[in-house]
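Chain and residue survey
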Amino acid sequence: IVRLVISGAGPTGLLLGCHLRQLGVDAIVVDPHLGPGTWTKAAVTMPRALEVMELVGVADGLCQQGRRLQTVGLGTHKVWRGKVSGFSKQGVASRYWPTCIGQSAVEAALDERFRKLGGRLLRAARVTEVSEIPGCVRADVERFVYTRSPMPVPELPAELLDVKATTLEAKYVVGCDGKSSIVRRALGIPYVGKDYPQAFFLVEMECAPEHMQALGVDEAEASFMLDGGSLLLLVHMRGNLWRVIYSAVGVDENMTVDDLRVVWKSLMPLSIPESATFQNASFFKVSCRIAESYRRGRCLLAGDAAHCHSPAGGQGMNTGLQDAANLAWKLAGVLHGHADDGLIASYEVERRPIAEWVLERSDAVFGAATSASRVTAAIRGLVARLVLPMLPSDLLPPAAIRNKMFGLSHSYADAGTCKASGRPPARGALAPGDRLPDCPCLVDDGTGEPRPTTLLRLLCPLRLCLRVLMLGPPAADAERRTQEKLIAEARTVSSWPLQLWSWSGSGQGSAQVHLRPPGEDVLRGSLSLGPDEEAVLVVRPDGYIAGVHRGPCESDGAALARLLRDVGVASRPEARL
C-alpha cells in the first residue's frame, strides 16, 4: 500500500507529487506519455502559480527561461488598434510577474524536481479503474502510450514491455488526468457544462526579429488579432521563438501549417515569411465544464479533471497548479496524523468558488472575442476602433480583474474554513483566508547580519507546520516570558508543529524566526493595526492565513488555542486513516 496515487503527470499532477514528496508523503504518479509534453499548450504562467512552484524550488529557474509579460496588443481586420500594458503593474505585492513560459517547460521542470525528491513515476501507463475497499483505494493500471494525432505510437523500451498491467493500493487517489479524466468517469461524477464549437490549433514558430517588427508585434509579449469570430494569438516566448494560437469554428485535427499560412494571410497585415520554421503543432477542443463534485470517498479531482474552460485569460494551468498546492498539505496533514479527514473536505469548499469565477470570466471573454453574431461583432469593432485607442494603456485590465488573473487576490475568506477572533477588523483589512502579503523583511537567524527576504519566501522550502506570526510592541522580559508560556501551551493543544515568527521583539525568547523591518509597517497597514496594537496570525503551509487574532492573547494561551481549534487544525484525530 502506498500513500498516494496520482493519475496524470501534467503540471497539476506533478506539482501535487512534488509538494507531497517535500512533505514526506510517498506518492506514485501514473501517466500514459513517455516523457514530459513537448507540444504547445499553456503559454503564460501567473505570479501565484510561480509562488506555489517555488515552495519546491522550481519557479526561479523557470523565470530565467521565460519573458515577463507586460504588454498585450489587440487588432481587428488586419489593423493593430492599441495595446494593454496594465500587466506591468501589481496591486498586490509578489516577487513574481506573469511570465511567458510554456507548459512544456513547466512540465519538464516539475518532472525533474519530482524525481529528485524521490517520487516514483510510472510512464506509458494509465489508471483504468478505481474502487474503494476498507481503508484504501484500489487503482487498476494498464500499459498504454498516448500520442497526439498524427504522430505514430512509438516503440516501448524493452523494460516496459514486461509488465502489461498491475494494481496499486493507496490511501488516496487523485485524478489529475485532464478534462477526459478516466478517474472522474470511473467515479461516475458528472462533468457539467458545455462544449464550444471553436477548436484550437497551436504551433511554435521560429521567425527572424525583422519580420516580427515589420508585422508590428515586436513591442508586445502577446498580440491578438480578431476577425469575424476567428482569433489569432502570437506569444513571444524567448529570442526568435513565438507561440501561434489560432481558434475558429471548423478547425480540426487535420489542420496543417500550410493551412495556418492561408489563415494568417487573411487575418494579419503581412504574410508569414517563407523562412519561418514550425514545430510541435497540436490541436485541441475546448469546453467550459466543472465536476459536480471534486471528491468521492478517498478519490479526489484536481486541475482539468475538476474544471476546464477556454484559454481566454490564461487561467487553466495556473488554476490547476493552485488546486495542487491547496490539496497537498491537507492530504499530508491527514496522512501524518495532524488532522482528521475534515481538513481534506475543505479542499473543494475553498477551490470550487475560484474555479467557478474562472469559468464565468473565461466564458465571457472568449464569447466576446469569438462570437460571430453581428451585434457582438459590431460592439467588438467599436470598442477596438474607438474606445481602446482613447484609454491609457496601463488602465487595462482593471486592477481588480488583473490581481485575480495573477492569482494574488483570490481569497478563501468566504469559505468558512479560516477564522478570526478578538477585535473586529476594519472594512477591507487583511482577513483569514487571504494570501499572506509577500512583505519584504529582514530575518535574523543568529548567524550574523540579518538577511533580506520576503514573508512568502520564508515558507520555502515547503514544511508541514503552521507559522504563528506575532505582531506587537517590543516586549519586556516579563511579557516575553508570558509569550513563551503562551506558545508552549498552544503547542500542547495543537496536533500540528508550530513555528513562531516574531516581529518587533515579540516573543524573542521562543521564536524560531526573528523578523525585522521594513515589511512590518506594510503588514500592519494590511491588517489596519495601529503602531502599538497586537495581533497574532496563523499561516498555513500554502501561504494563506488560517486565522487572525486582533488584540492581546490571554496569558494562558486560550485565545491562540481557540484560534487553532476553530480553523480545524488543533484537535488531535482519534483515529488515523
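Residues numbered from 1 in each chain as written. Predicted model: local features only at pLDDT ≥ 70, side-chain atom pairs only at ≥ 80, totals over all residues. Heavy atoms only, no water.

Observations regarding the pairing of strand E16 (residues 277-291)
Stated precisely, the cut-off is as follows: Note on pairing: two strands pair once DSSP finds at least 2 bridges between them. Only DSSP runs of H or I reaching four residues or more are called helices, and only runs of E reaching two or more are called strands; each is numbered from the N terminus.
Here strand E12 (residues 191-206) runs beside E16; their pairing, made up of twelve bridges, is antiparallel. Counterpart to Phe 200 in the pairing with E16 is Phe 284.

Some details on the confidence of the model for the chain
Selection criterion: For every residue, the predictor states its confidence as a pLDDT score lying anywhere from 0 to 100. Should any heavy atoms of two residues lie within 4.5 Å, those residues are considered in contact.
Averaged over all residues, the pLDDT of the chain is 88; the fraction at 70 or higher stands at 92%. Every residue in residues 505-510 is under pLDDT 50, and counting partners more than four places away or in other chains gives 22 contacts. The low-confidence segment residues 570-577, where pLDDT is below 50, has 22 contacts with residues more than four positions distant or belonging to other chains.

Focus: the side chain of Gln 499
Applied cut-off: Each residue gets one of three labels from its accessible area relative to the maximum for its type: buried under 20%, exposed over 50%, partly exposed in between, using a 1.4 Å probe on protein chains only. Think of a polar contact as two N or O atoms within 3.5 Å of one another; within protein, one of them needs to be a possible hydrogen donor and the other a possible acceptor, and neighboring residues in sequence only count if both atoms come from side chains.
Locating Gln 499 in the fold gives a position in strand E24 (residues 498-503). Taking relative accessible area as the criterion, Gln 499 reaches 10% and is therefore assigned buried. Among the polar contacts listed, one links the side chain of Gln 499 to the side chain of Arg 467, at a separation of 3.1 Å.

Quick look at the sheet that holds strand E7 (residues 99-100)
With antiparallel pairing, three strands are arranged side by side in an open sheet as E3-E7-E4. Only two strands of the sheet have a single partner each, and these edge strands are strand E3 (44-45) and strand E4 (67-68). In terms of strand pairing, E3 meets E7 through two bridges, oriented antiparallel. The residue bridging Thr 45 from the neighbouring strand is Thr 99, located in E7.

Some remarks on the side chain of Ser 293
Along the chain, Ser 293 turns up in the loop between E16 and strand E17 (295-296). Side-chain polar atoms of Ser 293 contact the backbone oxygen of Arg 295, separated by 2.8 Å. Those residues in contact with Ser 293 that lie beyond four places of it in its chain are Ile 189, Leu 301, Glu 348 and Arg 352.

Re the sheet that holds strand E15 (residues 241-249)
Test applied: Inter-axis angles, ranging from 0 to 180 degrees, are taken between N-to-C directions of lines fitted to C-alpha atoms, where helices are fitted over the stretch in contact.
Read across the sheet, eight strands follow the order E6-E5-E13-E14-E15-E12-E16-E19 without closing on themselves; strand pairing throughout is mixed. Edge positions in the sheet fall to strand E6 (79-84) and strand E19 (307-308), since each has one partner strand and no second. Sheet analysis places strand E14 (residues 230-238) next to E15, joined by seven bridges and oriented antiparallel. Within the sheet, the bridge partner assigned to Leu 232 lies in E15 and is Tyr 246. Strands E12, strand E13 (222-227), E14, E15, E16 and E19 of the sheet are contacted by helix H10 (residues 342-370), whose axis makes an angle of about 120 degrees with E16.

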